[in-house]
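# Chains, contacts and geometry: an overview
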Number of protein chains: 2
Amino acid sequence: MTELSPDLASALQARFGVRFSQGMAVREQHGRDESIFKVPPPAAVVFAESTQDVQDAVRLCAAHRVPVIAYGAGSSVEGHLLAVQGGVSLDVSRMNHILAVNAEDLTVTVQPGVTREQLNEHVRHAGLFFPIDPGANASLGGMCATRASGTNAVRYGTMRDNALALQVVTPQGEVIRTGTRAKKSSAGYDLTRLYVGSEGTLGVITEITLRLYPLPEAVTAAICTFASLQDAVQTVIKTIQLGVPIARVELIDAHSVSLINAYSKTSLRQAHMLLMEFHGSPASVREQAETVQAIAHEHQGNDFEWASAPEERRRLWAARHNAYFAAVSSRPGCRSISTDVCVPISRLADCLLQSVDEVNASGIPYFLVGHVGDGNFHFGYLIDPDDASERERAEQLNRQLVARAIGMGGTCSGEHGVGLHKMDFLEQEAGEGALDVMRAIKQALDPLNIMNPSKIFRLQG
Amino acid sequence: MTELSPDLASALQARFGVRFSQGMAVREQHGRDESIFKVPPPAAVVFAESTQDVQDAVRLCAAHRVPVIAYGAGSSVEGHLLAVQGGVSLDVSRMNHILAVNAEDLTVTVQPGVTREQLNEHVRHAGLFFPIDPGANASLGGMCATRASGTNAVRYGTMRDNALALQVVTPQGEVIRTGTRAKKSSAGYDLTRLYVGSEGTLGVITEITLRLYPLPEAVTAAICTFASLQDAVQTVIKTIQLGVPIARVELIDAHSVSLINAYSKTSLRQAHMLLMEFHGSPASVREQAETVQAIAHEHQGNDFEWASAPEERRRLWAARHNAYFAAVSSRPGCRSISTDVCVPISRLADCLLQSVDEVNASGIPYFLVGHVGDGNFHFGYLIDPDDASERERAEQLNRQLVARAIGMGGTCSGEHGVGLHKMDFLEQEAGEGALDVMRAIKQALDPLNIMNPSKIFRLQG
């Protein structure tokens, strides 16, 4: 379906005026993300500015049994927002108001189009911050939908842990609330956690209440370089097993460091590195850093290079976050196929090092970064999208990696979500029984199958 | 339905032999909890010893459309395990094996009948502990089912945060797994969090993978007494707002302290008190305690009394945990109606103090304890169960308290669950729309309505 019926188009036009568009440029902009899939764009785009807008758009689409795909910042990587069955892209990026900061309760309520950087900018003056940081300046609605996490999750958890309550527009156009501002609750089914990670397949998130944290009294970042990946990874494993409350611990392999240096004009030492951050009181930060330095020394790590000034730290994390763009720009015309496995920490070295050997043997260019404190790491296979054989070889590497991770008690997706790209992997991981439960929930809540259809799992097993 | 059909009884008898019982003593033992409801006992009890047992029992009951109510330690307080529609109590307390301790990953996999004390006894030698502590020596299956928390939740979260994955027998008798041992995942709907807190209404939990924590290097407990409840509560609010990572902070009002002293033969100073625990490195514990002591001084708190020796701490927490029994035994023949609201921390003083005034004015005897760091507290109204008017006055106090908490952005249940007792409150809190979503999920997953029916919500709105 590449066009809406005239009835639906005119109803949406009447309701939304210039905020309804069937123009090709707008549709194409809403029809691609960072994945490698080529899918025709949505038939139209509606720009919602309120919960009422979302309700009306959903109701009109439901009446015509037309798919609705919520769109935030477009930064998803697994094809989540692609209109594989056509339909309407419901752009909520203009719903970008911060509705209430409750500084005393360390909570904030936002609309779904607010980005994480916008939120942090807003709450900084109150001495607060929101830690979840997937790298991209993603929308908080999208981050809820994919159960995002990123660099700070090792200490602060993921969107699962930090979303207290949602307002959701159901596939029938009803508005529900999934929780309160209380820090914990045993009142009924945990609907918040059901919608977090449901990738737009059960409803459209229209408000989010999040936990905030006091800005740490002291923050220090440090780089530690290693001659071998094995040593870097073992340092992380020990750090986690000792319970050090490290706020960030990112692995970048030596090759990726060189890509970053070239792209970001940095002069990081070209070696396997851990990029760390410590939060707490000055004494606690010192104590944590000393503990990790001692562990690193046992594993032939070099002395820490420090970055304590905010500006220095910002540069460092910006360089880390640009790893993806650095890598993609290192091979003109390439696209990145991103892996996302997450394994129990004791298996991290095995899983990662075997996979490095495999990708090295394949000859496919790649970069490697990881939120290794959580046991989560990403290869980006840099492939020529027009070279079917190369793409297939990369996907084969991905399959081997996922099978290995699942065999080690891990998951195919630590934080990116399933989207289109990992549906087979999810089948492998969850098994038919658990998938049937997911299908039953989807069919019960969205019987017309209009909410971001054909994502996460196939309705027929 | 007080008796099983002869067909089902003989099928269960044939399958389970002496592990199937229709004897009145066994049934009655499985037909009561700590709630005030008087309901006829289940028609029979099956003692399951394996997942296969659970599957077979569920399948036989499903074939006869007979309710199945999972039973762990019997310590629930809201009528969760009462056989309001008759049926079979499925006792999983003999499924009490610890299946795998993965010390390097800080995870453990247990059967549902393992109790929290049994688990901690088992993992202590590995330098690990499981923090969730609702007071009672509850089964971990039951703690998952009610999304329990308790004294350590302010630092370590609740069962929601600490259950990594479950094995569940569905109402159709199928076995599913809801997750992996990876610390985080974005792979599909969060089924773990759906079953955690579903109070046995969606399936029977047969295995649980939990997070463990390294035993803290240093642990110190302290008591701080206050002349006014207001000062005690304000001390807690400030402590939380400052982000002090306190491990426990419990409020006990002066009257409840006197009940505890009488029952536990302790000699705690009879004053409103905060009972605290600090975990961390020696330096961090010292720093945390100094911060809180300074806050307490600002609010006219007395100097901390310390309990650093393990034996001393154990006695202190045992006394706290016995508050319930101390209170109940202070009025012979009474039953306790327990409240469980949880509010945003900024509203804790308002909510708690208004409610204290109300219950004092009512003349109903009570005790008051609270996991105040989470904004969660419990009144126990000590009523004569045969005095309908007194019971109604207590329920009226409860209703006023819940309405107040919900009005403040809080929840009717911080940790006990809904069971039978809070169904009206949940309606008030969640609203019809969210309840309809819960109902749709229940009906999709348990279309015969055999899993602990008539709990949490009514199927018809």
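Residues numbered from 1 in each chain as written. Chains lettered and ligands numbered in written order. Predicted model: local features only at pLDDT ≥ 70, side-chain atom pairs only at ≥ 80, totals over all residues. Heavy atoms only, no water.

Named according to an unreviewed UniProt entry, chain A is D-lactate dehydrogenase (cytochrome) originating from Ottowia cancrivicina. Quoted verbatim from the Cofactor (unreviewed entry) field of the UniProt record, the comment on chain A reads "FAD". (UniProt positions renumbered as here; feature names shortened; annotations may be inferred.)

The subject of this paragraph is the overall build of chain A. A count of helical and extended segments in chain A gives 16 helices and 18 strands. For a compact globule of 461 residues, the expected C-alpha radius of gyration is about 23 Å, and chain A comes in at 22 Å, within 12% of that figure. Across its three principal directions, the C-alpha atoms of chain A cover 70 × 55 × 45 Å. Counting only residues that meet the buried cut, chain A has 64% of its 461 residues in that class. When contacts within chain A are restricted to residue pairs at least 6 apart in sequence, long-range pairs at least 24 apart make up 71% of them. Of the roughly 15,700 Å² of accessible surface on chain A, 50% is carried by carbon and sulfur atoms. Across chain A, 40 positive and 50 negative side-chain charges occur, with their mean positions spaced 3 Å apart. (Helix = DSSP H or I, 4+ residues; strand = E, 2+ residues; numbered from the N terminus. Rg over C-alpha atoms; globule rule 2.2 N^0.38 Å. Buried < 20%, exposed > 50% of the residue type's maximum accessible area, 1.4 Å probe, protein only. Contact = heavy atoms within 4.5 Å. Areas by Shrake-Rupley, 256 points an atom, 1.4 Å probe, with all protein chains shown as cover. Lys, Arg positive; Asp, Glu negative; His and termini not counted. Charge placed at Lys NZ, Arg CZ, Asp CG, Glu CD.)

One pass over the structure, following the stated rule, counts 66 salt bridges over all chains. With its nearest N and O atoms 3.1 Å apart, the salt bridge here joins A:Asp424 to A:Arg458. Of this pair, A:Asp424 sits in helix 16 (residues 423-445) while A:Arg458 sits in the segment after helix 16, placing them 34 residues apart in sequence. B:Arg124 serves as the salt-bridge partner of B:Glu121, at 3.4 Å between the closest nitrogen and oxygen. The exposure class assigned to B:Glu121 is exposed, which follows from its relative accessible area of 53%. Taken together, the shared-partner salt bridges connect A:Arg15, A:Arg19, A:Glu49, A:Asp53, A:Asp56 and A:Arg94 into one network. (Salt bridge = Lys/Arg side-chain N within 4 Å of Asp/Glu carboxyl O.)

For the rest of this paragraph, the subject is the interface of chain A and chain B. With 74 residues of chain A at the interface, the matching set in chain B holds 76 residues. It is A:Lys184, A:Ser186 and A:Tyr189 in chain A that bury the most area against chain B; as a group they hold 17% of the surface buried on that side. Counting the contacts that link chain A with chain B gives six salt bridges. Of the charged contacts, one joins A:Lys184 and B:Glu415 as a salt bridge, the two residues approaching to 3.2 Å between their closest N and O atoms. Run the count over chain A and chain B and you get 42 residue pairs in polar contact (both at pLDDT 80 or more). (Buried area = accessible area lost by both parts, 1.4 Å probe. Polar contact = N/O pair within 3.5 Å; in protein donor to acceptor, adjacent residues only side chain to side chain.)

Let us look at the sheet that holds strand 9 (residues 175-177) of chain A. All names here are of chain A. Judged by pairing direction, the sheet is antiparallel, and its five strands sit side by side in the order 5-6-10-8-9 without closing on themselves. Each having just a single partner strand, strand 5 (98-102) and strand 9 make up the two edges of the open sheet. Within this sheet the neighbouring strands show an average axis-to-axis angle of 15 degrees, counted without direction. Alignment of strand 8 (residues 163-169) against strand 10 (residues 204-211), held across six bridges, turns out to be antiparallel. Its bridge partner being in strand 10, Ala163 is matched across the sheet by Leu210. Packed onto the sheet, helix 3 (residues 51-63) meets strand 8, strand 9 and strand 10 and runs at close to 50 degrees relative to strand 8. The strands that helix 4 (residues 116-124) touches are strand 5, strand 6 (107-110) and strand 10; relative to strand 5, the one it contacts most, it runs at about 45 degrees. (Pairing = 2+ DSSP bridges. Axes fitted to C-alpha atoms, helices over the stretch in contact; angles between N-to-C directions.)

Tracing the chain through its elements places A:Asn398 in helix 15 (residues 388-407). Each residue touching A:Asn398, except ones within four places of it in the same chain, is listed here: A:Ile337, A:Ser338, A:Thr339, A:Tyr381, A:His421 and A:Phe425.

What follows covers the relation of the copies chain A and chain B. Structural alignment of chain A on chain B gives an RMSD of 0.0 Å, achieved by rotating through 180 degrees and translating 0.0 Å along the axis. Taken together, these values place the two copies in the relation of a two-fold axis. (Least-squares fit on C-alpha atoms with pLDDT ≥ 70 in both.)

Next up on the list: the domain arrangement of chain A. Per the domain assignment, the segments making up chain A are domain 1 (6-91), domain 2 (98-214) and domain 3 (216-329). One C-alpha centre belongs to domain 1 of chain A, the other to domain 3 of chain A, and the line joining them spans 41 Å. (Domains from an automatic or database assignment.)

On to helix 3 of chain A. Residues and elements named next belong to chain A. Along its 13 residues, helix 3 runs 18 Å from first to last C-alpha, staying within 8% of the 18 Å computed at 1.5 Å per residue. Among the residues making up helix 3, those that are buried are Thr51, Asp53, Val54, Gln55, Asp56, Ala57, Val58, Cys61 and Ala62. Just downstream of helix 3 lies Arg65, where phi reads positive at about 50 degrees. (Expected span 1.5 Å × (residues − 1).)

Moving on to the packing of helix 9 (residues 229-241) of chain A against helix 14 (residues 348-362) of chain A. All names here are of chain A. Contact geometry of helix 9 with helix 14 gives a least axis separation of 9 Å together with a crossing angle of 155 degrees. Between helix 9 and helix 14, the interaxial angle falls into the category roughly antiparallel. Here helix 9 runs over helix 14; the crossing is right-handed. Counted together, Leu229, Gln230, Val233, Gln234 and Ile237 of helix 9 and Leu348, Ala349, Leu352, Leu353 and Val356 of helix 14 form the full contact between these two elements. (Parallel < 35°, antiparallel > 145°, perpendicular 65-115°, else oblique. Left-handed = near helix turned anticlockwise from the far one by under 90°.)

Let us now look at the side chain of B:Asp105. Residue position: B:Asp105 is located in the loop between strand 5 (98-102) and strand 6 (107-110). Taking the relative accessible area as the measure of exposure, B:Asp105 reaches 10% and is therefore buried. When residues no more than four places from it in sequence are discounted, the contact partners of B:Asp105 are A:Pro344, A:Ile345, A:Ser346 and B:Arg181.

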